[in-house]
Amino acid sequence: MTENAFDNPGALDEPTLSSQEIIRFTDYLADYGDELFFDSEEVIVNYGDITTSIDLLISGEALVEVPVNGKWIPVAWIKQGSVIGEIAFLDSYPRTARVIARTGCQLFRVDRKAFNDLSENNPQRALEFISRISQIMAYRLRRIEQFDAIEQGRDDMRKELAADLHDQTMSELSAILMHLGLLKLTLDGNEETADDLDHLVSMVKNADVNLRQLVRDKGHDELSVVGLEETLRAFFKDLEAENTPNPVTIGYTSNRLDEGGLPGPVGRDLYQIIRQSVLNAVDHASADVIDVEIMWDQEGIVFSVKDDGIGFSQSNISNVPEAGHFGLLNLKLRTERVGGTVDIISTEGEGTSVVGTIPIARKTSETIPTNTVQYVLGK
Amino acid sequence: MANILIADDSPFIRTAYKRVLETQADFVVASVCEDGLEAVNQCSELQIDVAVLDIRMPRLDGISASKTIREKNPEISVVVVSAYDDWSYVKDLIETDSKAKAYILKNSLDDIGELIRVVRKVMQGHLILDNALIEKLVGYYERHSAGTGNLSDRELQVISRGCRGMTVQEIATDMEISPEGVETIQDLIEEKLEISGDDYLSIQSNSTKAFLNLCVSLSLE
């Protein structure tokens, strides 16, 4: 059994700055930073914020949470003497977690620029500060490795479960449908019972479709086995079973993405980027037409997902999971992770376009034929 | 009368197959087995015409069982029922000979008529592949066929129906064209795809043979 590492985030105690260190550092940095106060439940750092500041927690307690499938999952307690935002302080990347005060919190906040000033004016002090922060960060990195190992264990379990569902449960659903089919043969014109049976059949079929989707999502090794093209097509094909108020036509155009040596991790991220964009359009955009295009040549990959739906205004984009556009930031992080760029362009009432590039050269000088397939949802 | 053997490790599924097959007056379920080894032994002991085998079974899997059964009793038709739309299994099943064999996905059997249809077809000597698998094969073909003679949509439609075990007449009716029209398309396919030496498909038309040969030679995973 693997245990849920998230159940008890406090179990892994990390090194903290002692009271003396806090006093010393706030003294060093007095001219470069600000003291801040937060009430309980107040947001100290928001997910997606682009700031380069680091916070020393002088007193109080805070909780670090990350978004997983639209929910905030606590991953760490931050206690007195601890630091917040050490990674963004170094790499200026958007925040990948949010931090909520769980008691009243007193912080000392320094941004990167102010710290650079300290480095110039008093390199000795800056070095002392940064090496202490590095120790805390090193501890946190080690802990992430432990999380990864636990995640790997869970992943193996998920795959095993998916295989069991696939072999056993789905076969038995087929057997149930056969039995129901036989039952129907024995009804001599009893229409009420026949209707009940039809209803049962559609319920079981629905369960079967859901299971298939689940197995595909949980046993997500499919991509490395059948390739990106096949996985995307299977995803679109599965969407056809989706109930949409009006028919939605998805056109998928690509040029044989599985030829030319696309690295596995890029393929996986690209799949998730396309999947997320299409689901956004299907679930939130009320679109009639969604055009998906992925073209790959020696220059790199250009992908786009365009819909003719309701669109949204830029000010609507929010990072909270409750809002439908939460996936957008994820999309951006994924694209950037593989060295690419992505733009999300939308005007209210005029649809949304997700357009991006990934600079990875195709290993061929030939022109690869382009293929388009259409899928219709909610027929 | 056809004597049928069923092998599946789930009692629930065994009962379902048995009851479906027994709706047919000319079918007799002569043996019900829990694994592949039992199926192999029963096929040697009893007069079996068709063996319906689950792909995943304890002791001996369905593909291995079908091979042993055919080595010992070449006249027995086999239907392999699988949860995997995976070409490598099909390849394994038909590599030595493809006469009177079927590879069907479990969820295709939701419709009770399908198992009956497949059993009847294999008894006539046909090779039957599941629809989902044919779709996948055609998809693979479209993406891997550069330089091997590109087939038109219409030609692929004829091939798909051939892989399902349809006769020229049935294909003609289904596509709303004349039988002669079907034959003309089949000739075109044969011209485009060279038939390789190992002629292991015995019943299907040459055009279907050529297509499946090509898919084997492309060594699709």
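Residue indices begin from 1 for each chain and proceed along its sequence in written order. Each chain gets a letter, beginning with A, and each ligand a number, beginning with 1, in the order they are written. Reporting in this predicted model follows two pLDDT cut-offs: at least 70 for local features of residues, and 80 or more for side-chain atom pairs to be given and counted; totals over whole chains, interfaces and linings ignore these cut-offs and use all residues. Note that water and hydrogens are dropped before the side-chain values are worked out from all heavy atoms of the structure.

Asker: Honestly, the overall build of chain A in this entry has me stumped. Any pointers?
Answerer: In this text, helices come from DSSP runs of H or I with a minimum length of four residues, and strands from runs of E with a minimum of two, each type numbered from the N-terminal end. The secondary structure content of chain A amounts to eight helices and 14 strands. Accessible surface area values rest on a Shrake-Rupley calculation with a 1.4 Å probe, where residue burial reflects the displayed protein chains alone. When the accessible surface of chain A is totalled, it reaches about 19500 Å², and 50% of it is carbon and sulfur.

Asker: Would you mind showing me how to read the packing of helix α3 (residues 62-72) of chain B against helix α4 (residues 87-94) of chain B here?
Answerer: For any two helices packed against each other, one specifies the inter-axial angle together with the distance between the axes. Residues and elements named next belong to chain B. Running from N to C, α3 and α4 point in directions that differ by 10°, and their axes come no closer than 9 Å. Considering the angle they form, α3 stands roughly parallel to α4. Mapping the contact onto sequence places Ile63, Ser66 and Lys67 in α3 and Tyr89, Asp92 and Leu93 in α4. Residues are grouped as follows: Ala, Val, Leu, Ile, Met, Phe, Trp, Tyr, Cys and Pro are nonpolar; Asp, Glu, Lys and Arg are charged; every other residue, Gly included, is polar. Of the residues in the contact of α3 with α4, the class split is three nonpolar, one polar and two charged. To get an axis, a line is fitted to the C-alpha atoms, and for a helix only the part in contact is used. The angle between two axes follows their N-to-C directions and goes from 0 to 180 degrees. Here the word oblique covers every angle except those under 35 degrees (roughly parallel), over 145 (roughly antiparallel) and from 65 to 115 (roughly perpendicular). In this description, contact between two residues means that some pair of their heavy atoms is separated by no more than 4.5 Å.

Asker: Where do I start with helix α7 (residues 264-284) of chain A in this structure?
Answerer: Since the α-helix packs 3.6 residues into each turn, any two residues three or four apart lie on the same face. Working rule for helices: expected span equals 1.5 Å times residues minus one. Here α7 of chain A is 21 residues long and its end C-alpha atoms lie 30 Å apart, about the 30 Å a rise of 1.5 Å per residue gives. Looking one or two residues beyond α7 of chain A, the residue adopting positive phi is Ser286 of chain A, at roughly 50°.

Asker: Hey, could you run me through empty space enclosed by the protein in this one?
Answerer: Where empty space is left becomes clear once a probe the size of a water molecule has been rolled over the atoms. Of the grid points, spaced at 1 Å and generated over the protein atoms alone, those admitting a 1.4 Å probe that cannot get out make up cavities, while open sets with protein on both sides within 12 Å along at least five of seven lines make up pockets; any residue with an atom within 4 Å of a point is treated as lining. Grid points are joined across faces, edges and corners, and a volume is the space filled by probe spheres set on the points. Considering all chains together, one arrives at one cavity of 30 Å³ or more under this definition. What the largest cavity holds in volume is close to 30 Å³. If you go around the largest cavity, the residues you meet are Ser171, Ser174, Ala175 and Met178 of chain A together with Ile13, Tyr17 and Lys106 of chain B. Where the lining of the largest cavity is concerned, the elements lending two or more residues are α4 (123-186) of chain A together with α1 (11-21) of chain B. Looking at the lining of the largest cavity, the element that brings in the most residues is α4 of chain A, giving four residues.

Asker: In this structure, what is going on with the sheet that holds strand β3 (residues 50-54) of chain B? I would like to understand it.
Answerer: For sheets, the rule is that strands pair by backbone hydrogen bonds, running either parallel or antiparallel. Residues and elements named next belong to chain B. Strands pair, by our definition, only if DSSP identifies at least two bridges between them. Pairing is parallel across the open sheet formed by six strands, whose spatial order is β2-β1-β3-β4-β5-β6. Strands at the two margins of the open sheet, each flanked by one partner only, are β2 (27-33) and β6 (127-129). Between one strand axis and the next, the sheet turns through 20° on average, direction left out of account. Bridge analysis of strand β5 (residues 101-105) against β6 gives three bridges, and the strand direction is parallel. Among the inter-strand pairings, Lys101 is bridged to a residue of β6, identified as Leu127. Contacts from α4 reach β4 (77-82), β5 and β6, with the element oriented near 165° to β5. Helix α5 (residues 112-123) rests against β1 (2-7), β2, β3, β4, β5 and β6 of the sheet, and its axis sits at about 145° to β4.

Asker: I would appreciate a short explanation of the sheet that holds strand β11 (residues 300-307) of chain A in the present structure.
Answerer: All names here are of chain A. The mixed open sheet is built from six strands, whose spatial order is β12-β13-β11-β10-β9-β14. In the strand order of this sheet, the two ends are held by β12 (341-346) and β14 (371-377), each with one partner. The mean angle between the axes of side-by-side strands here comes to 10°, regardless of whether they run parallel or antiparallel. When β12 meets strand β13 (residues 352-358), the two strands line up antiparallel, connected through six bridges. Looking at the pairing, Asp343 lines up with Val355 of β13.

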